[in-house]
Amino acid sequence: MTEEAPSDLSEQRRRIARQFIEVIPHARALGMRFDMLSEEGAEISLPWREDLVGDPRSGVIHGGVISALMDTCCGAAVMAHPTGARSTATIDLRIDYMRPAVPGQTIRAKASCYHLTRSVAFVRAVAMDDDDSRPVASATGAFTVER
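A few points on the structure. (Residues numbered from 1 in each chain as written. Predicted model: local features only at pLDDT ≥ 70, side-chain atom pairs only at ≥ 80, totals over all residues. Heavy atoms only, no water.)

### Here we look at the overall build of the protein
Definition in use: A helix here means a DSSP run of H or I that spans at least four residues, while a strand means a run of E at least two residues long, and both kinds are numbered starting from the N terminus. Radius of gyration: C-alpha atoms only; globule rule: 2.2 Å multiplied by the number of residues to the exponent 0.38. Here's how the labels work: a residue is buried when its accessible area is under 20% of the maximum for its type, exposed when over 50%, partly exposed in between, all with a 1.4 Å probe on protein chains only. Every residue pair with non-hydrogen atoms within 4.5 Å of one another is taken to be in contact. With residues, only the protein chains shown are counted as cover, and all accessible areas are computed by Shrake-Rupley using a 1.4 Å probe. Neither His nor the chain termini are counted; the positive set is Lys and Arg, and the negative set is Asp and Glu. To locate a charge, the coordinates of NZ of Lys, CZ of Arg, CG of Asp or CD of Glu are taken.
When its secondary structure is counted, the protein shows three helices and eight strands. For the protein, the sequential pattern of α-helices and β-strands runs α-α-β-β-β-β-α-β-β-β-β. For 147 residues, the compact-globule formula gives about 15 Å, and the C-alpha radius of gyration of the protein, at 15 Å, lands near that figure. Expressed as lengths along the three principal axes of its C-alpha atoms, the size of the protein is roughly 60 × 25 × 25 Å. Relative to its full complement of 147 residues, the protein shows a buried share of 41%. Taking contacts inside the protein between residues at least 6 apart in sequence as the whole, the part at least 24 apart equals 59%. Entry remark: accessible area of the protein is about 7,900 Å², with carbon and sulfur atoms responsible for 51%. Looking at charge distribution, the protein has the averaged site of its 17 positive side-chain charges lying 3 Å from that of its 20 negative ones.

### Quick notes on the sheet that holds strand β2 (residues 41–46)
Put simply, the test is: Here a strand pair is declared whenever DSSP counts at least two bridges between the two strands. In this analysis an axis means a line fitted to C-alpha atoms, helices contributing only their contacting stretch, and an angle means the value between N-to-C directions, from 0 to 180 degrees.
Taking strand neighbours across the sheet as the criterion, the six strands line up as β1-β2-β6-β7-β8-β5 in an open arrangement whose pairing is antiparallel. The outermost strands of the open sheet, each flanked by one partner alone, are β1 (33–38) and β5 (90–97). Within the sheet, the average angular offset between the axes of one strand and its neighbour, ignoring direction, is 15°. The sheet contact formed by β5 and strand β8 (residues 137–144) spans seven bridges and is antiparallel. The residue of β8 that forms the bridge with Leu93 is Gly141. The strands that helix α3 (residues 63–80) touches are β1, β2, β5, β6 (107–116), β7 (120–128) and β8; relative to β2, the one it contacts most, it runs at about 150°.

The following block contains the structure:
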């Protein structure tokens, strides 16, 4: 049996994490797309669409859409972690909404896995629109890890 080179393993983890979003129908339906994936974490963006608006008078994206984006990004960060998780599921996710996203702007989520036990990954995430200095939401969560 031959061992895979570290770069091969990194690419394999990135491929698995990219596939992670493709198998989640909700993520596909919302139009999520991977922007960055590395051992440090994941970044996923979601372009503004009128059908994702929660309040037609203001044009603000629905909070549930932001929640789904952050949850998916956190899961992708777990899948991309160097320990090589084969699958993950959300155990707990706390989201603090700080302000409405600006209508018409793409929402970007960034997540990183900051601690791992044998079976649980702990993740932090932030969601932003074009103003990186003022987050739309932040999240902390715990996710299962199956190796």
